[in-house]
Amino acid sequence: MSSVQSPRNELVDTLYRDHRGWLLAWLRRNVACAQRAEDLSQDTFVRLLGRDELKAPREPRAFLAAIAKGLLFDHFRRAALEQAYLNELLLIPEAEQPSPEEQQMILEDLKTIDRLLDKLSSKARAAFLYNRLDGLGHAEIATRLGVSVPRVRQYLAQGIRQCYIALYGEPT
């Protein structure tokens, strides 16, 4: 294994050494759980390592905070999704509730769907959910979103494409 680091890895290493403590303190102020803050801090740097290109930011702390905010938003959105699912489970009679294993599998599926739909714009995601979950028609969705019916059709096609990719992979 070579000891030569790529410029990207060297930059991430420098950002980590110089700003990890600050980022962790910032996250601890924004997240009640110290372990979650630690995880989000690490995820921030892992995300940087996963980038194809990375240039030295002019404002490293603002740069790291922006990445961490995105991760925080994802964390809170998924926690809200999980809580909504658990609340719905409470409405099901105990004898009909899925087993704990099935509940976990369903929750993982919901998180996968959430990640999948997260690739859509907010309006495309809303249109897809209005159509698939609420059963709304194109005209009603267009009215709610303040867009045209043809635009709703485009949004729904984007949502269906994301589902296709999740099932079968990127079309060739």
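Residues numbered from 1 in each chain as written. Predicted model: local features only at pLDDT ≥ 70, side-chain atom pairs only at ≥ 80, totals over all residues. Heavy atoms only, no water.

Asks: How should I be thinking about the overall build of the chain in this particular structure?
Replies: Across its full length, the chain carries 7 helices and 0 strands. When the elements of the chain are put in sequence order from the N terminus, they spell out α-α-α-α-α-α-α. On C-alpha atoms alone, the chain measures out to a radius of gyration of 21 Å, which is more than a quarter above the 16 Å that the 2.2 N^0.38 rule sets for 172 residues. For the chain, the spread of C-alpha atoms along the three principal axes comes to 55 × 45 × 35 Å. Residue burial in the chain is summarised as follows: out of 172 residues, 30% are buried. Summarising the internal contacts of the chain: among those between residues at least 6 apart in sequence, 53% fall at separations of at least 24. (Helix = DSSP H or I, 4+ residues; strand = E, 2+ residues; numbered from the N terminus. Rg over C-alpha atoms; globule rule 2.2 N^0.38 Å. Buried < 20%, exposed > 50% of the residue type's maximum accessible area, 1.4 Å probe, protein only. Contact = heavy atoms within 4.5 Å.)

Asks: Explain the packing of aromatic side chains here, please?
Replies: Aromatic rings considered in pairs are described by the distance between their centres and by the relative angle of their planes. Applying the stated rule across the entire model yields 3 aromatic pairs. Pairing Y16 with F45 gives two aromatic rings, centres 4.9 Å apart and planes at 75 degrees, and the pair type is edge-to-face. In this pair, Y16 is assigned in helix 1 (residues 7–30) and F45 in helix 2 (residues 34–49), connecting sequence segments 29 residues apart. Exposure remark for Y16: the relative accessible area of 32% places this residue in the partly exposed category. Positioned over the ring face of Y130 is R144, at 5.0 Å from the centre of the ring. (Phe/Tyr/Trp six-rings, centres within 6.5 Å; stacked < 30°, edge-to-face > 60°. Lys NZ or Arg CZ within 6 Å of the ring centre and 35° of its normal.)

Asks: Hey, could you run me through the UniProt feature "domain: RNA polymerase sigma factor 70 region 4 type" (unreviewed entry) in the chain in this one?
Replies: Under the feature "domain: RNA polymerase sigma factor 70 region 4 type" (unreviewed entry), the UniProt entry names residues 112–163. Helix makes up 77% of residues 112–163 and strand 0%, whereas the separation of the span's terminal C-alpha atoms amounts to 11 Å. (UniProt positions renumbered as here; feature names shortened; annotations may be inferred.)

Asks: Whenever I open this one, the nonpolar core confuses me. Can you help?
Replies: Taken as a class, soluble globular proteins show a tendency for nonpolar side chains to be buried jointly. Counting residues in each nonpolar core, the largest one holds 20 residues, and the members touching the most others are L23, W26, L27, F45, L48 and F63. Counting only elements with at least two residues in this core, the list comes to helix 1, helix 2 and helix 3 (60–90). Not counting residues up to four positions away in its chain, the partners in contact with F63 are L15, L48, R51, L54 and P57. Membership of the second largest hydrophobic core comes to 13 residues, among which are L117, A124, A127 and A142. (Core = buried A, V, L, I, M, F, W, Y, C linked by side-chain atoms within 4.5 Å.)

Asks: I keep staring at helix 7 (residues 149–168) and nothing clicks. Help me out?
Replies: In an α-helix there are 3.6 residues to a turn, and that puts residues three or four apart on one side. Along its 20 residues, helix 7 runs 28 Å from first to last C-alpha, staying within 8% of the 28 Å computed at 1.5 Å per residue. Within helix 7, the full set of buried residues consists of V152, Y155, L156, G159, Q162 and I165. (Expected span 1.5 Å × (residues − 1).)

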